[in-house]
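Here's the letter readout for the chains.
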Amino acid sequence: MFRMSSINKAATAIITASTQDAVYLAVNIQAPQRPTFPARTTAVTDSWWVIDLTAATLIDIVGLIWTNFTTCKIQMNATNAWGAPTYDSGTVTISPSPGHGRYHLIHRPASAQNLRYTRIFVPAQTPIDGA
């Protein structure tokens, strides 16, 4: 589960997912002001969310808040094709917050990306919330 950026550029985006929890839908990404309704993956195989911003948009930071996974890749591309995306963070590790133990990641690319699509790719793993 996660949210995208404090300035929520995903608010009007088209969200698709490879899998999603029936209660915690992918479209929940569009409402970071509702922290009890995150998006959530339930798969133990590779899964992903794609955020289509409908036009190239400058992204300089991505925040994943209250995730139920511990590793992911943040990818950005001009098209919804992921064989060789323009930006790929490589595998990043998400750590629990010392204050409350929830898993958060703030990721800043080396340079801002002006691209239409962002994908959060979660490699095969067991969700840490037991989902």
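The structure displayed is predicted, hence computed values, not measured ones. (Residues numbered from 1 in each chain as written. Predicted model: local features only at pLDDT ≥ 70, side-chain atom pairs only at ≥ 80, totals over all residues. Heavy atoms only, no water.)

**Looking at the overall build of the protein chain**
Looking only at helices and strands, the protein chain has zero helices and nine strands in total. When the helices and strands of the protein chain are listed from N to C terminus, the series reads β-β-β-β-β-β-β-β-β. The burial tally for the protein chain puts 44% of its 131 residues in the buried class. Excluding contacts between residues fewer than 6 apart, the proportion of contacts in the protein chain whose partners are at least 24 apart in sequence is 70%. By element, 55% of the accessible surface of the protein chain is carried by carbon and sulfur atoms, the whole surface being about 6,300 Å². (Helix = DSSP H or I, 4+ residues; strand = E, 2+ residues; numbered from the N terminus. Buried < 20%, exposed > 50% of the residue type's maximum accessible area, 1.4 Å probe, protein only. Contact = heavy atoms within 4.5 Å. Areas by Shrake-Rupley, 256 points an atom, 1.4 Å probe, with all protein chains shown as cover.)

**Description of the sheet that holds strand β7 (residues 95–96)**
In space, the three strands of this open sheet follow the order β3-β8-β7, with antiparallel pairing throughout. Unpaired on one side and paired on the other, β3 (62–67) and β7 mark the two borders of the sheet. Bridging between β3 and strand β8 (residues 103–107) involves five bridges; their strand directions are antiparallel. Its bridge partner lying in β8, Val62 is registered against His107. (Pairing = 2+ DSSP bridges.)

**Structural notes on the packing of aromatic side chains**
One pass over the structure, following the stated rule, counts one aromatic pair. Taking 5.9 Å as the distance between ring centres and 35° as the angle between the ring planes, the aromatic pair formed by Trp49 and Phe69 counts as tilted. Pair noted here: Trp49 is in strand β2 (residues 47–59) and Phe69 is in the loop between β3 and β4 (71–77), with a separation of 20 residues, a long-range link. Considered together, Trp49 and Phe69 belong to a single accessibility category, that of buried residues. Positioned over the ring face of Trp66 is Arg102, at 4.3 Å from the centre of the ring. (Phe/Tyr/Trp six-rings, centres within 6.5 Å; stacked < 30°, edge-to-face > 60°. Lys NZ or Arg CZ within 6 Å of the ring centre and 35° of its normal.)

**Here's the deal with the environment of Asp21**
Position of Asp21 among the secondary structure elements: in the loop between β1 (14–17) and β2. Residues Asp21 and Ala43 lie 22 residues apart in sequence; the distance between their C-alpha atoms is 8.9 Å.

**Structural notes on the confidence of the model for the protein chain**
Overall, the predicted model of the protein chain reaches an average pLDDT of 83, with 80% of residues at or above 70. The weakest mean pLDDT in the protein chain belongs to β3 at 84; the strongest belongs to strand β5 (residues 87–88) at 98. (pLDDT = per-residue confidence, 0-100.)

**Considering the nonpolar core**
If you look at the biggest cluster of nonpolar residues, it comprises 21 residues, and the most contacted ones within it are Leu64, Phe69, Cys72, Ile74 and Ile120. Only β2, β3, β4 and β9 (113–122) provide two or more residues apiece to this core. With four residues, the top contributor of residues to this core is β2. (Core = buried A, V, L, I, M, F, W, Y, C linked by side-chain atoms within 4.5 Å.)

**What to know about the pattern of salt bridges**
Under the criterion given, the structure shown has two salt bridges. For the salt bridge of Arg116 with Asp52, the shortest nitrogen-to-oxygen distance reads 2.7 Å. Of the two residues, Arg116 sits in strand β9 while Asp52 sits in strand β2, which places them 64 residues apart along the sequence. Note on Arg116: relative accessible area 28%, which makes it partly exposed. You can call Asp52 buried: its relative accessible area is 9%. Between Arg108 and Asp60 there is a salt bridge; the shortest N-O distance is 3.5 Å. Taken together, the positions of Arg108 in the loop between β8 and β9 and Asp60 in the loop between β2 and β3 put the pair 48 residues apart, joining distant regions of the chain. Given a relative accessible area of 55%, Arg108 falls into the exposed group. (Salt bridge = Lys/Arg side-chain N within 4 Å of Asp/Glu carboxyl O.)

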